Amino acid sequence: MKLNVFKIIAAAVLVSSNFQAQTSVIQKIRSNPKAPFSYAELAVKEGGKWDGDKYIGGTFKNVQELTIPESHTDHSTYIRYEGIGLENNQIGYRLYLDWRNATDIFGKKVNTLVLPEVGQDGFESYHHDAAWGQDILKSGRTIGIGSYGRYDEQNDFVETFKIVKSTAAKVVNEKEQSYAAIEYKGWKTWGDAIDLASKLTIFNRDRFVKVDLNLSNSISGLCTGIVAIKNIPLKQGISKNKKWAYIATYGNQTETKKDDNLGMAVFYPLENFDKYVKTKSTHTVVFKKTKNVFYYFLGAWSLEPNGLKTEEAFYQDLDQKLEILDKNNQL
């Protein structure tokens, strides 16, 4: 009995410590609003209860680590904006922490910190225009922008994380970068289940996110990509020394119902590249059979303050990054 009480007290101290750490990061960023920043966030409800796969009641509280409950699925209302948030002065992203595992884009109309307030006033509120911006990408049943899955060649679609034994996530905020680390145990697509560890890092500069993937065993079909929006053409680029390449789209492909434009891109190392596939819904980069790989993705919204306002400016930016990757193998 005493041991159980000790465990409860220890857990409460840990939660309090994590909350204070996240609060300190937020306060530090807000105390100097003109300084470049990066921020990673994870918030869940406390004080409510599970009713099947829905979490009823409770209030959101930031945490640094979380093992996803077995009851959790899409639209459970347990995790604020349904996943992990990554943000800097220019853009925000979120990765759904459920079977979809898609990465979405939060377009920002301000260059200050916004994620701590997103989703606080209603589960769907961030889908609507606000002073800070809004969710601008309709990822649907795809991996969104730059997320990861496994390409099923026989059925021509990207398999996500429908069968996973457990998923654990944590967020870390450092001086010049922030990241989310996710461990998927027992991810089964076809054949044997494997473990996958991912790390998504956003920096206090530019719009890109670096993705590192490490698997317990080598597999074929590991992939990333961009949601394919109707009537928006795909463009591809290859670096001078053929070390890196990108796929990208640009156009009126947002949910804002405005005359705005969005550019999306994925940069990938050609040494790991197997093939490009256009499925019904996704521009897909499929990697060779591998145990680990890293790549970058980015979004650029035309309504972003001092952002890339034209298609020409967007592709100039991509080509400059491609040149950097060709020389340095990193951004």
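Above this note sits the structure.
Residues numbered from 1 in each chain as written. Predicted model: local features only at pLDDT ≥ 70, side-chain atom pairs only at ≥ 80, totals over all residues. Heavy atoms only, no water.

Chemist: Looking at this structure, I do not really get the overall build of the protein. What am I missing?
Modeler: Within the protein, the regular secondary structure consists of 2 helices and 23 strands. Scaling as 2.2 N^0.38, a compact globule of 331 residues should have a C-alpha radius of gyration of about 20 Å, and the protein matches this with 20 Å. Its C-alpha atoms give the protein principal-axis dimensions of about 65 × 50 × 35 Å. Out of the 331 residues in the protein, the part that is buried amounts to 51%. Summed over all atoms, the accessible surface of the protein reaches about 15,600 Å², with 49% contributed by carbon and sulfur. Each charge sign in the protein was given a centre, from 43 positive and 39 negative side chains, and these centres are 3 Å apart. (Helix = DSSP H or I, 4+ residues; strand = E, 2+ residues; numbered from the N terminus. Rg over C-alpha atoms; globule rule 2.2 N^0.38 Å. Buried < 20%, exposed > 50% of the residue type's maximum accessible area, 1.4 Å probe, protein only. Areas by Shrake-Rupley, 256 points an atom, 1.4 Å probe, with all protein chains shown as cover. Lys, Arg positive; Asp, Glu negative; His and termini not counted. Charge placed at Lys NZ, Arg CZ, Asp CG, Glu CD.)

Chemist: What am I meant to see in the environment of G149 here?
Modeler: Assignment of secondary structure puts G149 in strand β11 (residues 145–152). Spatially, the C-alpha atoms of G149 and K288 are 13 Å apart, while their sequence positions differ by 139 residues. Setting aside chain neighbours within four positions, we find G149 in contact with V158, E159, W187, G221, L222 and C223. (Contact = heavy atoms within 4.5 Å.)

Chemist: Explain helix α2 (residues 311–328) here, please?
Modeler: Residues lying three or four places apart along an α-helix face the same way, a consequence of the helix completing one turn every 3.6 residues. For α2, with 18 residues, the first-to-last C-alpha span of 26 Å sits near the 26 Å given by 1.5 Å per residue. Every buried residue belonging to α2 is among F314, Y315, D317, L318, K321, L322, L325 and D326, and all of these are buried. Check the buried side of α2 and you find it contacts β18 (234–238), β19 (244–251), β20 (262–269) and β23 (290–301). Positive backbone phi, approximately 65°, marks N329, located one or two places after α2. (Expected span 1.5 Å × (residues − 1).)

Chemist: Looking at this model, I keep getting lost on the pattern of salt bridges. Mind explaining?
Modeler: Across all of its chains, the model carries 18 salt bridges by this definition. E87 serves as the salt-bridge partner of K108, at 2.8 Å between the closest nitrogen and oxygen. Here the residue K108 occupies a position in strand β9 (residues 103–108), and E87 occupies one in strand β7 (residues 83–88), the gap between them amounting to 21 residues. Given the relative accessible area of 0%, E87 is considered buried. For K109, the salt bridge identified is with D129, shortest N-O distance 2.8 Å. Taken together, the residues span a long stretch of sequence, with K109 in the loop between β9 and β10 (133–135) and D129 in the loop between β9 and β10 at a distance of 20 residues. (Salt bridge = Lys/Arg side-chain N within 4 Å of Asp/Glu carboxyl O.)

Chemist: Honestly, unusual backbone geometry in this entry has me stumped. Any pointers?
Modeler: Negative phi is the rule for most residues except glycine; trans is the rule for most peptide bonds. Non-glycine residue N231 carries a positive phi angle of around 70°. Along the chain, N231 turns up in the loop between β17 (222–227) and β18. Here the phi dihedral of N329 falls at roughly 65°; this positive angle occurs in a residue that is not glycine. Using a relative accessible area of 41% as the deciding quantity, one classes N329 as partly exposed.

Chemist: Sorry if this is basic, but what is going on with the nonpolar core here?
Modeler: Most often, soluble globular proteins keep nonpolar side chains buried together rather than apart. Within the largest apolar cluster, 69 residues are counted, with the highest numbers of intra-cluster contacts made by Y148, F267 and F314. Broken down by element, this core gets its largest block of residues, 7 residues, from β23. Leave out the neighbours within four places in its chain, and F267 touches W244, A245, Y246, Y295, Y296, L298, L318, K321, L322 and L325. Grouped together as the second largest cluster of nonpolar side chains are 12 residues, I26, F37, L115 and W132 included. (Core = buried A, V, L, I, M, F, W, Y, C linked by side-chain atoms within 4.5 Å.)

Chemist: Hey, could you run me through the side chain of D326 in this one?
Modeler: As for its position among the elements, D326 is in helix α2. Among buried charged residues, D326 stands out as having no salt bridge; its nearest opposite-charge side chain is K243, 5.5 Å away. A polar contact of 2.7 Å, which involves the side chain of D326, links it to the side chain of S239. Apart from residues lying up to four places away in sequence, D326 is in contact with S239, K240, N241, K242, K243 and W244. (Polar contact = N/O pair within 3.5 Å; in protein donor to acceptor, adjacent residues only side chain to side chain.)

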